[in-house]
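# Working through the structure, step by step
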Amino acid sequence: MKKLSIKINVFALILISIALVSCGKKKESTAFTIGFSQCNSAEPWREAMNKELLAEAAKYPDIDVVISDAQQDNSKQVADVENFIVQEIDLLIISPNEAQPLTRVVEKAFEKGIPVIVLDRKVHTDKFTTFIGADNIKIGLAAGEFAAKLLNGKGKILEIWGLKGSTPAMERDKGFKEGIANYPDIEVIYEQDGAWLRRKGIEIMENALQRYDQIDLVYAHNDPMAIGAYLAAKNANRLDNTFFIGIDGLSGAEGGVQAVQNKQLNATFIYPTGGKEAIDAAKKILSGRKVDKNIMLNTKTIDITNAGDFK
Ligand code: FRU
C-alpha cells in the first residue's frame, strides 16, 4: 500500500514537472500580448487606426493585440492602462484622450518595465519608449497658409477645436495661428471646443451663425467637425461664401477626401493613423532592437486639384 502511494507520488511529480517544463517552453514561443489603449474607437479616424493596426498585427502569428476603448473618458482610460499593467502585457500602445490626465499612468507602465508606444496624441513626460505621429504644428501651419490664400489676406474665421486638453488640438491651433499671423486683416472671431465630434461641429456652427452675419472660413481641427459645420450652414441656407477646412483626409465614402470632391470642404490634410508603424515599432522593441524616440509621419494637403489621387 505504502509502495503504491510512493509510486503515485513519484508519478504525480513527473507529471507536474512535464507540465512546468512545457509551460516554460510555451511562454518562450507563445504570442506577445500588446495592449492597445485607444481613447475612443467610435470616431471614423480611430476605426481606421484600429483596422490598420490589427491588419498589420495579423501578419505576425506571435503577436496578440487586445484593444481597450476608453470612449473619450480619461478616468476609464487610466483604468484600462492599470488593467493592462496588472495583466502583465508585453508592450503598451496608447493613444491618450487628453495629455495631463494620462501622463502619470503612462509613466507608471514604463517604470514597471513595459515598453510604451505613444501614438498620435502626446503625454507630458518623456518616460515612454517611442512616440509615433505626424507633426500637428506643421499641419496647422499649412492649414493657416491655405486659409490665408483662400481668403486673399482678409476675412473672419471660426475655429472649431478638437478636445482642448489633447495635444493635436493645441498644436493645430498654434500652427494655424502662426500661418495667419502675417495677415492683419484675417481674424479668428470665434473659437470653441468641438471635442473632435461631428455633432459638436454642427452645434458650434449653428451658434456661430446666430452670432455673426458673415463667417468667411471655418477651420476645424478634424474633418468630421468641418463636415458638421458645412452641413449646419447648408441647413440654415447660410453657405454664403464660406470656405471649410478640415484635417484627417480619410478615404472612403464618409471621409475628408470625398468631402473635398463633393465640394463640401475646400481642403483637408492627411493625418496618417500610424497603425502600421506602431506594429512595426512594437515588433522591433519586442525583439530587442532599438527604435527612434520620435517617429514622424508625413502629411499632405488635399484640395480639389489632387483629391482624385487619394480615393
Ligand atoms: C479622432 C481624432 C482625429 C484627429 C485625431 C487627433 O479621435 O479626433 O479626427 O485627427 O483624433 O488626435
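Refer to the preceding data block for the structure.
Everything in this summary refers to the structure shown in the same document. (Residues numbered from 1 in each chain as written. Predicted model: local features only at pLDDT ≥ 70, side-chain atom pairs only at ≥ 80, totals over all residues. Heavy atoms only, no water.)

## Section: the sheet that holds strand S1 (residues 32–38)
The strands that make up a sheet pair up through hydrogen bonds in the backbone, lying either parallel or antiparallel. What counts, and what does not: Strands are labelled as partners when DSSP assigns at least two bridges between them. Comment: elements are numbered from the N terminus, with helices defined as DSSP H or I runs of at least four residues and strands as E runs of at least two. Every angle, taken between N-to-C directions, lies between 0 and 180 degrees, and every axis is a line fitted to C-alpha atoms, over only the stretch in contact when it is a helix. The contact criterion used is simple: two residues touch if any of their non-hydrogen atoms lie within 4.5 Å.
Here six strands make up an open sheet; going across it, the order is S2-S1-S3-S4-S5-S11 and the pairing parallel. Every interior strand has two partners, whereas the edge strands, strand S2 (63–69) and strand S11 (294–297), have only one. Strand-to-strand twist across the sheet, computed as the mean angle between neighbouring axes with direction ignored, equals 15°. With three bridges joining them, strand S3 (residues 91–95) and strand S4 (residues 116–119) adopt parallel strand pairing. Residue pairing across strands places Leu92 opposite Val116, the latter belonging to S4. This element, helix H3 (residues 74–86), spans S1, S2 and S3 of the sheet and lies at about 175° to S1.

## What to know about the packing of helix H5 (residues 136–150) against helix H6 (residues 167–180)
Worth spelling out the cut-off: Relative orientations are named as follows: roughly parallel for angles under 35 degrees, roughly antiparallel for angles over 145 degrees, roughly perpendicular for angles from 65 to 115 degrees, and oblique for any other angle. Each helix crossing is assigned a hand: it is left-handed if the near helix lies turned anticlockwise from the far helix by less than a right angle, otherwise right-handed if that turn is clockwise. For this classification, Asp, Glu, Lys and Arg are treated as charged, while Ala, Val, Leu, Ile, Met, Phe, Trp, Tyr, Cys and Pro are nonpolar and the rest, including Gly, are polar.
At a minimum axis distance of 6 Å, the contact between H5 and H6 shows a crossing angle of 40°. Taken together, the axis directions place H5 and H6 in an arrangement best described as oblique. As H5 runs across H6, the sense of the crossing is right-handed. Where H5 approaches H6, its residues Asn136, Ile137, Gly140, Leu141, Ala143, Gly144, Glu145 and Ala147 are matched on the opposing element by Pro168, Glu171, Arg172, Lys174, Gly175, Phe176, Glu178, Gly179 and Ile180. In the contact of H5 with H6, the residues fall into seven nonpolar, five polar and five charged.

## Quick notes on helix H2 (residues 44–57)
So the rule is basically this: Given the number of residues in a helix, its expected span is that number minus one, multiplied by 1.5 Å. The buried label applies to any residue whose accessible area, calculated with a 1.4 Å probe on protein chains only, is under 20% of its type's maximum; exposed applies above 50%, and partly exposed to all values in between. In this description, the arc belongs to the directions extending from the helix axis to the C-beta atoms.
With 14 residues, H2 extends 20 Å from end C-alpha to end C-alpha; this agrees with the ideal 20 Å at 1.5 Å per step. Taken together, the buried positions of H2 are occupied by Trp45, Arg46, Met49, Asn50, Leu53, Glu56 and Ala57. Around the axis of H2, the buried residues are gathered within 140° of arc, so they sit on the same side. Of the surrounding secondary structure, the elements contacted by the buried residues of H2 are S1, S2, S3, S4 and helix H10 (275–286).

## Some thoughts on the sheet that holds strand S6 (residues 155–161)
The strand order across the open sheet formed by four strands is S7-S6-S8-S9, and the pairing between neighbours is parallel. The two strands at the open ends of the sheet, each matched to only one other strand, are strand S7 (186–193) and strand S9 (243–245). For this sheet the average axis-to-axis angle between neighbouring strands, irrespective of direction, equals 20°. The sheet contact formed by S6 and strand S8 (residues 217–220) spans four bridges and is parallel. Across the sheet, residue Leu158 finds its bridge partner in S8, namely Val218. Packing of helix H7 (residues 198–211) onto the sheet brings it into contact with S6, S7, S8 and S9, and relative to S7 it is tilted by some 130°.

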